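# Commentary on secondary and tertiary structure
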Amino acid sequence: MEVFHTVSEFKSWRRALPPETRVPFAPTMGALHEGHASLVRQAQLLAADSGKVVSSIFVNPTQFGPQEDFAKYPRTLEADLAALNAAGCDAVFVPSAQEMYPSLATAGTNTLAGGVSIDAGPLGKVLEGAARPGHFNGVCTIVFKLLNIVQPTELLLGQKDFQQQAVLRRMCADLDLQIKVITCPTVREPDGLAMSSRNRYLSAEDRMRAVGIFQAMSRAQSQYAAGERSAVVLEATMRIWLSHRELATQYAVVAHPETLDLWSIQPARLITGPAVLLVAAKLGQTRLIDNMRLAAAEEAAR
Ligand code: AMP
């Protein structure tokens, strides 16, 4: 596996590949776990024999708010490189903040002032975007830059960050990027907790309570599979379960997977089309997000 630290080194490697090369790309912020590895393995399948799997590790300062965990975000570069190598990655881009944002004065905040950046639009202002103002502008800007540098054929994203993949899909469509976006399933711990780099912040007791997020969504999913179509009822089910587990709910909603419009504010508050459960909850200082696509009984059984 090749490791590149500068844009120019990476670009020279990329330019030397034959033009028809398949280049699936999975960007990350490091602190890698099985969820990230699953994206790289999926990329490996797409690349087959002649393609090149690319990943990146970059803790992007512009997607963190001033009060967020940028400084303490886990950085485990050596283990990450070993994990990418083992998962079948061919090249990894590991730039510094200075390399990615040479003109950014205040690293560590989501201030993109002074430079050109991407506005994530209305999808970037709700839910996570409302809780983390400017977050998705930072995500779009860094991913757009990475796509320009890497020039991938496919962009692999995790369903774990559901709104992120919805926003980035929309960015690729609206800005006419010729890249296929592939969303990969969420990898979970045996008890159902979605793997996340932030899980390592949890105390042993909070780790036990954290599974309440998955349980809350599973209960709502069971109700849906049994025929319940009221978004209000499903949201109440999730909230009650989360509060029973002493999780501080930030949101627990049923949304349309592409527009992220809430089914609970539609006429009659009924779910009449595709839907996803989206949850954000805090345990102590740690904020976790998760989601689950709603499936009717026959789909859920598959
Ligand atoms: P991050 O390093 O948190 O920025 O995540 C990098 C990529 O890995 C994103 O596309 C995430 O959605 C994806 N990812 C993170 N956790 C998981 C998981 N548990 N299962 C699948 N993909 C994940």
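Here we summarise the structure given alongside this text. Just so we're clear, the structure is a prediction, and the values are computed from it rather than from any experiment. (Residues numbered from 1 in each chain as written. Predicted model: local features only at pLDDT ≥ 70, side-chain atom pairs only at ≥ 80, totals over all residues. Heavy atoms only, no water.)

## Structural notes on the packing of aromatic side chains
The condition is simple: Here a Phe, Tyr or Trp ring, Trp counted by its six-membered ring, pairs with any other such ring whose centre lies within 6.5 Å, and the pair is stacked when the planes are under 30 degrees apart, edge-to-face when over 60, and tilted otherwise. Burial classes follow relative accessibility: with a 1.4 Å probe on protein chains only, a residue under 20% of its type's maximum area counts as buried, one over 50% as exposed, and anything between as partly exposed. As a reminder, the over-ring test applies to NZ of lysine and CZ of arginine, requiring each to be within 6 Å of the ring centre and within 35 degrees of the ring normal.
Across all of its chains, the model carries seven aromatic pairs by this definition. Ring centres 5.4 Å apart and planes at 65° place the aromatic pair Phe64 and Phe70 in the edge-to-face group. Residue Phe64 is classed as buried on the basis of its relative accessible area, which comes to 0%. Ring geometry for Phe64 versus Tyr73: centroids 5.8 Å apart, planes at 75°, classification edge-to-face. Look at Tyr73 and you get buried, because its relative accessible area is 6%. An aromatic cluster is defined as three or more aromatic residues linked by ring pairs; in this entry it consists of Phe4, Phe10, Trp13 and Phe93. One cation-aromatic arrangement involves Lys72 over Tyr201; the distance from NZ or CZ to the ring centre is 4.3 Å. A cation sits over an aromatic face here: Arg75 above Phe70, 5.0 Å from the ring centre.

## Side note on the sheet that holds strand S9 (residues 286–293)
Applicable threshold: A pair of strands is treated as paired once DSSP finds two or more bridges between them. Starting at the N terminus, helices and strands are each numbered in turn, a helix being any DSSP run of H or I of at least four residues and a strand any DSSP run of E of at least two. Axes here mean lines fitted to C-alpha atoms, for a helix over just the part in contact, with angles spanning 0 to 180 degrees between N-to-C directions. Contacts were defined at the residue level, with two residues in contact if any of their heavy atoms lie within 4.5 Å.
Spatial strand order, S7-S8-S9: three strands in an open sheet with antiparallel pairing. Two strands close off the open sheet at either side, each with one partner strand: strand S7 (248–255) and S9. The mean angle between the axes of side-by-side strands here comes to 10°, regardless of whether they run parallel or antiparallel. Running at roughly 25° to S9, helix H9 (residues 212–225) makes contact with strand S8 (276–283) and S9 of the sheet.

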